[in-house]
Amino acid sequence: MSKEIRNIVSAYEAACAANRKVVLATVVHVEGSSYRRPGARMLVEEDGMITGAISGGCLEGDALRRAMHVIALNEKRLITYDTTLDDDLEFGVQLGCNGVVHILFEPVHPADEMNPVLLLKKCIEAGEMDKVLVTLFKLNDPQYQEAGTCMFFANAAVYSNHRIEEGVLAELREGISMAFEQRRSAKIDMEAKRLTALIQWVKPPVSLIVIGAGNDALPLVEMAAVIGWDVTVADGRSSHASLKRFPKVNRIIVGKPDEVVAKLTVDCNTALVLMTHNFNYDRDCLKALSAHAPAYIGCLGPKKRLERIWGELEEHGAQLQEDFRKIVHGPAGLDIGAELPEEIALSIIAEIKAVFENRNGAFLKNRQAPIHDNR
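Procedures and definitions
- Residues numbered from 1 in each chain as written.
- Predicted model: local features only at pLDDT ≥ 70, side-chain atom pairs only at ≥ 80, totals over all residues.
- Heavy atoms only, no water.
- Helix = DSSP H or I, 4+ residues; strand = E, 2+ residues; numbered from the N terminus.
- Buried < 20%, exposed > 50% of the residue type's maximum accessible area, 1.4 Å probe, protein only.
- 1 Å grid on protein atoms, 1.4 Å probe; cavity = no way out; pocket = protein on both sides within 12 Å on 5 of 7 lines; lining within 4 Å.
- Points joined across faces, edges and corners; volume = space filled by probe spheres on them.
- Nonpolar A, V, L, I, M, F, W, Y, C, P; charged D, E, K, R; others polar.
- Polar contact = N/O pair within 3.5 Å; in protein donor to acceptor, adjacent residues only side chain to side chain.
- Axes fitted to C-alpha atoms, helices over the stretch in contact; angles between N-to-C directions.
- Parallel < 35°, antiparallel > 145°, perpendicular 65-115°, else oblique.
- Left-handed = near helix turned anticlockwise from the far one by under 90°.
- Contact = heavy atoms within 4.5 Å.

1. Here's the deal with unusual backbone geometry
In step 1: Look at the link from G330 to P331: it is a cis peptide, with omega at 0°.
In step 2: Within the secondary structure layout, P331 lies in the loop between β16 (328–329) and α10 (341–356).
In step 3: The backbone phi angle of N74 is positive, close to 55°, even though this residue is not glycine.
In step 4: Here N74 is to be found in the loop between α2 (60–73) and β4 (77–82).
In step 5: The class of N74 is partly exposed, set by a relative accessible area of 43%.
In step 6: Look at R183: it is not a glycine, yet its phi comes out positive at around 50°.
In step 7: Along the chain, R183 falls in the loop between α4 (166–182) and β9 (186–189).

This is the structure we're talking about:
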């Protein structure tokens, strides 16, 4: 999601520089199944350029037409797509997604210093802070002009482009507090003005720290960059850990294990992968990391290698808590038969994603619950 927001902001700034009008389309509510969930966004420019996505491609064509209409009228519109119909001639294709998707189209005015896209930009500028975006709409009034992406919260900072009545604001505060506490999005129906609010908890990008700058780290870093994760590469060799070899990383660290770990910011949004292929270096890194609480640590190599690391650390008096052992995955990655460096990188990226989403990495066809959590 963070990468999509960054791409939308970049496209908006380029459109402004070229004096092109734009519309922001936001999925605000879904009933049943849908390819994208509430909070998915797409920027549409008057020349037809699209950034982001509100579906898997089935709605974008009609959404482009709707966006052109919104640009012409300079008015907001809430459009409902019912994909439960078997013979959906409205979109020219049988969608069969079995869901109802409500999408809010907002013209974006550069003169407005708190327009919807600039609120999205505030999300980027807030970095790894917990943050919430609020989008108001009326399901029973598609042409309600007070709707829109109107508020952004990050810690004590509050930004808004609306003068929101106290009654509405009071109801919003409760939902916003809940979103921060539960770290998840929610839809709330408010009595005041019969409004509905999408209160979107915006996940910070995963912070991936790759300790080891060998050739097999290259595809792992590439894939993480494509997803939009913040990537740090660390190694004891300056000849390997360099921006020349890893141009897409956010940070390079060179040093001994203790020096490297001391320079890291490690929290519940952090995943680390040890892949130096140097037993002593990996062991010492793991010892230094035992004082921290990342969400995931992956160790390349066979299980016996990790067991040997545990054994040596215990022999040297390291006090390793059971909770720390549980977050260490060795061998790292999902069991997909990976062999090539690119395949191994894929399996590790997939395992990290599964850990962060509290999933088990199994086949979706065997999942009994909905694919997407209701958030």
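2. Quick notes on empty space enclosed by the protein
To find leftover empty space, a probe the size of one water molecule is rolled over the atoms.
In step 1: Scanning the entire structure with this criterion turns up two cavities of 30 Å³ or more.
In step 2: Along its surface, the second largest cavity is lined by K76, R77, L78, L104, F137, K138, D141, P142, Y144 and A147.
In step 3: The class makeup of the residues in the lining of the second largest cavity is six nonpolar, no polar and four charged.

3. Here we look at the environment of E75
In step 1: Along the chain, E75 falls in the loop between α2 and β4.
In step 2: A relative accessible area of 33% places E75 in the partly exposed class.
In step 3: Taking the C-alpha atoms as reference points, E75 and H292, separated by 217 residues in sequence, lie 51 Å from one another.
In step 4: Only 3.1 Å separates the side chain of E75 from the side chain of R77, close enough to count as a polar contact.

4. Topic: the packing of helix α1 (residues 2–17) against helix α3 (residues 116–125)
In step 1: With their axes 9 Å apart at the nearest point, α1 and α3 run at an angle of 130° to one another. Between α1 and α3, the angle falls in the class oblique. Every pair of crossing elements has a handedness; the one defined by α1 and α3 is left-handed. Side by side, α1 and α3 meet where I5, R6, I8, V9, Y12 and E13 of the first sit next to V117, L118, L120, K121 and I124 of the second.
In step 2: For the contact of α1 with α3, the per-class residue count stands at eight nonpolar, no polar and three charged.

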